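# Chains, contacts and geometry: an overview
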Amino acid sequence: MCKCTKLWRTILIFAIKSDFMDTVLIILAGICLLVGWIGSFVSILPGVPLSYIGIVLLQLTDKVDFSWTFLLVWLVVVIVVQLLDSFLPIYYAQKKGGSKWAVWGSVIGCFIGFFFTPIGILLGTFLGAVVGELLSGKGMEVSLKAGLGTFVGFLLSIGLKLIVASILIYYYITALF
């Protein structure tokens, strides 16, 4: 092994075992958890997966030792919540008579609403679904029902993501303090 390789290996081992690296990982974990929590209601960000990555980063430190069972259970929870995040708005839109137009309209409305405060996200989701149904040729009554269904599914999805992200933040705080 050349001297350069030995030097880099020594530096890497020092960095991994040092308190400095633990501090960096703890800060990165906190950032992931915070951005993940924000991502729970901002559809552009993958909220719950980011929060889980924060917990995994915390696990890589010498300060915390979560069990493998804990990490695997939360991985399954994150996957289930991500799947529900995709299907709840569609399910509730279809339950109220909506079509794919309502779902796509709600996604576009949510994106546009993102630029107009949190209320804009909620109103954008509802109005986008209504406009989507109107563009598909359905009447106002059906469009409003589809908009309401999509809105309810979206709110349930946000609620689930916020609960999971908040619990993961709780584990972060209790593990460190």
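Provided above is the structure to which this section pertains.
Let me sum up the structure you'll find in this document. (Residues numbered from 1 in each chain as written. Predicted model: local features only at pLDDT ≥ 70, side-chain atom pairs only at ≥ 80, totals over all residues. Heavy atoms only, no water.)

### Points about the overall build of the protein chain
Here is the rule we go by: By definition, any uninterrupted DSSP run of H or I lasting at least four residues is a helix, any uninterrupted run of E lasting at least two residues is a strand, and each is numbered from the N terminus. Here's how the labels work: a residue is buried when its accessible area is under 20% of the maximum for its type, exposed when over 50%, partly exposed in between, all with a 1.4 Å probe on protein chains only. Contacts are residue-level and defined by heavy atoms, with any inter-residue pair within 4.5 Å sufficient.
Of regular secondary structure, the protein chain possesses seven helices and zero strands. For the protein chain, the succession of helices and strands along the chain, N to C, is α-α-α-α-α-α-α. The 177 residues of the protein chain split such that 36% are buried. Here the contacts in the protein chain between residues at least 6 apart in sequence split such that 66% fall between residues at least 24 apart.

### Thoughts on helix α3 (residues 47-59)
Counted only if it meets this: To estimate the expected span of a helix, subtract one from its residue number and multiply by 1.5 Å.
With 13 residues, α3 should reach 18 Å at 1.5 Å per residue; the first-to-last C-alpha distance of 19 Å fits that figure. Those residues of α3 hidden inside the fold are in contact with α2 (19-39), α4 (68-95) and α7 (140-176).

### Describing the pattern of salt bridges
Pairs can form between side chains of opposite charge whenever their charged atoms are close. Our working definition: Here a salt bridge means any side-chain nitrogen of Lys or Arg lying within 4 Å of a carboxyl oxygen belonging to Asp or Glu.
Counted according to the given criterion, the structure contains three salt bridges. E133 is paired through a salt bridge with K138; the nearest N and O atoms lie 3.3 Å apart. Note on K138: relative accessible area 31%, which makes it partly exposed. Two residues, E141 and K145, come together in a salt bridge whose shortest N-O distance is 3.7 Å.

### A word on the nonpolar core
Worth spelling out the cut-off: Here, nonpolar core refers to any group of buried Ala, Val, Leu, Ile, Met, Phe, Trp, Tyr and Cys residues whose side-chain atoms link them within 4.5 Å.
Ranked by size, the top nonpolar core spans 20 residues in total, and within it I55, L58, F66 and Y172 carry the most contacts. At the level of secondary structure, the elements contributing two or more residues to this core comprise α2, α3, α4 and α7.

### Things to note about the packing of α2 against α7
We apply this condition: Lines are fitted to the C-alpha atoms to define the axes, a helix being fitted only along its stretch in contact, and any angle between axes, read from their N-to-C directions, falls within 0 to 180 degrees. Orientation is classified from the angle alone, with under 35 degrees giving roughly parallel, over 145 giving roughly antiparallel, 65 to 115 giving roughly perpendicular, and any other angle giving oblique. Note: crossing handedness is left-handed where the near helix turns anticlockwise from the far helix by less than a right angle, and right-handed where it turns clockwise. The classification used treats Ala, Val, Leu, Ile, Met, Phe, Trp, Tyr, Cys and Pro as nonpolar, Asp, Glu, Lys and Arg as charged, and all other residues, Gly among them, as polar.
Close contact between α2 and α7 brings their axes to 9 Å; oriented N to C, the two are set at 160 degrees. Taken as axis vectors, α2 and α7 run roughly antiparallel relative to one another. In this structure, α2 meets α7 at a crossing whose hand is left-handed. For the pair formed by α2 and α7, the contact residues are I26, A29, G30, L33, G36, W37 and G39 on the first element and K161, L162, A165, S166, L168, I169, Y172 and L176 on the second. Its residues assigned to classes, the contact of α2 with α7 shows 10 nonpolar, four polar and one charged.

### Concerning the environment of V130
For V130, the position within the fold is in helix α6 (residues 117-135). When its relative accessible area of 7% is taken as the criterion, V130 is described as buried. Those residues within four positions of V130 in sequence are excluded, and the remaining contacts are S143, L144 and G147.

### Focus: the packing of α2 against α3
As a packed pair, α2 and α3 sit with axes 7 Å apart at the nearest point and diverge in direction by 165 degrees. As summarised for this structure, α2 and α3 are arranged roughly antiparallel, according to the angle between their axes. Note on packing geometry: the crossing formed by α2 with α3 is left-handed. Contacts between α2 and α3 involve L25, I26, L28, A29, C32, L33, V35, G36, W37 and G39 from the former and G47, V48, L50, S51, I53, G54, I55, L57 and L58 from the latter. Tallied by class, the residues present in the contact of α2 with α3 amount to 14 nonpolar, five polar and no charged.

### What about the environment of Q59?
Tracing the sequence through the fold places Q59 in helix α3. Judged by relative accessible area, Q59 falls into the buried class, the value being 18%. Once the C-alpha coordinates of Q59 and I26 are considered, the two residues, 33 residues apart in sequence, prove to be 9.2 Å apart.

These values are about where atoms sit, not about what they do.
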